[in-house]
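Geometric and topological summary
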Amino acid sequence: QRRVHGTGRPRRCGWLDLQVVRYSHMINDYSSINLTKLDVLSELDEIRIGVHYKINGQKIDYMPATLDELAQAEVEYITLPGWKKDISNVRRFEDLPKEAQQYVRKVEELAGIPISWIGVGPDRDGMIQTSQDS
């Protein structure tokens with residue numbers, strides 16, 4: 001189990017919330033984004049992605065406008081297979097495990113934003129430039 005640097009506490013990992021990513025993109029009009037800490041997901045059998053919110057059982061395609069509405073929102077997830085391989089030394093997108101590549105492409109597809117760089121480890125050189133920017 002990974003530990004938080006400095007404190008030694010076990011690292012907790014939440015799922016990516018694409019509703020928030022899409023909302024941020026709507027406001028900021030990103031040309032691309034960076035996906036960091038992909039290596040943290042390497043230990044997981046399955047990886048979930050939050051794709052939509054539901055309020056009172058109804059799917060909504062917008063970011064809740066109030067804190068009360070946000071508190072009522074339930075996240076709808078999709079589940080992808082994990083890769084269970086150390087990726088910290090990978091430096092080319094095509095050398096990532098197939099499942100990691102699929103995760104990155106699914107995030108791009110659902111967010112509607114290209115991913116330019118992927119963080120695969122804690123070191124400064126632990127970054128991969130995606131093939132579409134090469």
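Residues numbered from 1 in each chain as written. Predicted model: local features only at pLDDT ≥ 70, side-chain atom pairs only at ≥ 80, totals over all residues. Heavy atoms only, no water.

1. Details of the sheet that holds strand β6 (residues 115-119)
For sheets, the rule is that strands pair by backbone hydrogen bonds, running either parallel or antiparallel. Spatial strand order, β2-β6-β7: three strands in an open sheet with mixed pairing. Looking along the sheet, the strands with just one partner apiece sit at the ends: β2 (33-35) and β7 (127-129). With direction set aside, neighbouring strand axes in the sheet form an average angle of 25 degrees. Relative to β7, β6 is paired through three bridges, and the arrangement is antiparallel. Within β7, the position partnered with Ile-118 by the bridge is Ile-128. Each of β2 and β6 touches helix α3 (residues 98-111); the most contacted strand, β6, lies at about 140 degrees to it. (Pairing = 2+ DSSP bridges. Helix = DSSP H or I, 4+ residues; strand = E, 2+ residues; numbered from the N terminus. Axes fitted to C-alpha atoms, helices over the stretch in contact; angles between N-to-C directions. Contact = heavy atoms within 4.5 Å.)

2. Observations regarding the pattern of salt bridges
This model, assessed by the stated rule, comprises seven salt bridges. With its nearest N and O atoms 3.5 Å apart, the salt bridge here joins Glu-76 to Lys-54. Taken together, the positions of Glu-76 in strand β5 (residues 74-81) and Lys-54 in strand β3 (residues 46-55) put the pair 22 residues apart, joining distant regions of the chain. Judged by its relative accessible area of 26%, Glu-76 falls in the partly exposed class. Given a relative accessible area of 31%, Lys-54 falls into the partly exposed group. In this structure, Glu-108 and Arg-105 form a salt bridge, with 2.7 Å as the shortest nitrogen-oxygen distance. With Glu-108 and Arg-105 both in helix α3, this residue pair falls three residues apart, about one helical turn. Bridged by salt links that share partners, the residues Arg-92, Glu-94 and Asp-95 form one connected network. (Salt bridge = Lys/Arg side-chain N within 4 Å of Asp/Glu carboxyl O. Buried < 20%, exposed > 50% of the residue type's maximum accessible area, 1.4 Å probe, protein only.)

3. Digging into the side chain of Glu-69
Note that Glu-69 resides in helix α2 (residues 67-72). One buried charged residue, Glu-69, remains without a salt bridge, the closest side chain of opposite sign being Arg-22 at 15 Å. (Lys, Arg positive; Asp, Glu negative; His and termini not counted.)

4. Some words on the nonpolar core
Core analysis: the biggest nonpolar cluster contains 25 residues, and Leu-38, Trp-83, Leu-96, Tyr-103 and Ile-118 have the highest contact counts within it. At the level of elements, α1 (18-28), β2, β3, α3 and β6 are the ones that each hand at least two residues to this core. Sequence-distant contacts of Tyr-103, defined by excluding residues within four places in its chain, comprise Leu-16, Leu-35, Leu-38, Leu-41, Ile-47, Ile-49, Leu-80 and Trp-83. Among the nonpolar cores identified, the runner-up in size contains five residues, and Tyr-53, Ile-55, Ile-60 and Met-63 belong to it. (Core = buried A, V, L, I, M, F, W, Y, C linked by side-chain atoms within 4.5 Å.)

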